[in-house]
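Spelled out from the first residue to the last, the chains are:
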Amino acid sequence: MDHLWKRACGAVFYGQPADAARKQLTKLANERFVGVPWVEVNEASWEIRSEQWNLEQMSVPERKHSEARLQHDQPLVVVEIRGRSLLVDGTHRVNWWRANGYSGTHEAIVVTSH
């Protein structure tokens with residue numbers, strides 16, 4: 001498994017085996033779509049990249065909730081799927097940073113379907 005894939009899987013399902021983490025990433029990428037077949041997230045048919053994002057960039061992907069707290073400092077994980085950009089890991093942190101005027105950058109691992 002590629003280094004970035006390991007980091008993305010570790011962020012969404014910390015301490016779990018790679019297969020379980022990939023299944024969790026697939027669930028997080030697909031759960032917001034109703035009535036369409038799920039698309040498996042995997043290394044063979046998806047691209048992955050690491051970027052440094054400022055607060056404005058972090059505010060673009062859809063977030064699942066509005067809870068805000070700092071838990072850890074893993075990279076954010078964003079999935080670009082079906083024309084949407086979804087923040088699937090890091091929502092608590094982004095909400096906290098937005099509420100508190102964070103001025104730095106943070107790593108975002110972006111996973112994109114082909």
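Check the entry above for the structure.
Residues numbered from 1 in each chain as written. Predicted model: local features only at pLDDT ≥ 70, side-chain atom pairs only at ≥ 80, totals over all residues. Heavy atoms only, no water.

A.B. asks: Honestly, the sheet that holds strand E3 (residues 84–89) in this entry has me stumped. Any pointers?
C.D. replies: The strands that make up a sheet pair up through hydrogen bonds in the backbone, lying either parallel or antiparallel. A sheet is described by the order of its strands in space; here four strands give the open sequence E1-E4-E2-E3, paired in mixed fashion. The strands lining the two open edges of the sheet, one partner per strand, are strand E1 (46–53) and E3. Taken over all neighbouring pairs, the strand axes of this sheet differ in orientation by 25° on average, direction set aside. Sheet topology places strand E2 (residues 76–81) next to strand E4 (residues 106–113); five bridges connect them, and they run parallel. What sits directly across from Val 77, in E4, is Ile 109. Packed onto the sheet, helix H4 (residues 91–100) meets E2, E3 and E4 and runs at close to 100° relative to E3. (Pairing = 2+ DSSP bridges. Helix = DSSP H or I, 4+ residues; strand = E, 2+ residues; numbered from the N terminus. Axes fitted to C-alpha atoms, helices over the stretch in contact; angles between N-to-C directions. Contact = heavy atoms within 4.5 Å.)

A.B. asks: How should the pattern of salt bridges be read in this particular structure?
C.D. replies: Oppositely charged side chains are able to pair whenever their charged atoms sit close together. This structure, assessed with the given rule, holds nine salt bridges. For Arg 49, the salt bridge is made with Glu 51, and the minimal N-O distance between the two is 2.6 Å. Look at Glu 51 and you get partly exposed, because its relative accessible area is 26%. Through salt bridges with shared partners, a single ionic network connects Lys 27, Glu 31 and Lys 64. (Salt bridge = Lys/Arg side-chain N within 4 Å of Asp/Glu carboxyl O. Buried < 20%, exposed > 50% of the residue type's maximum accessible area, 1.4 Å probe, protein only.)

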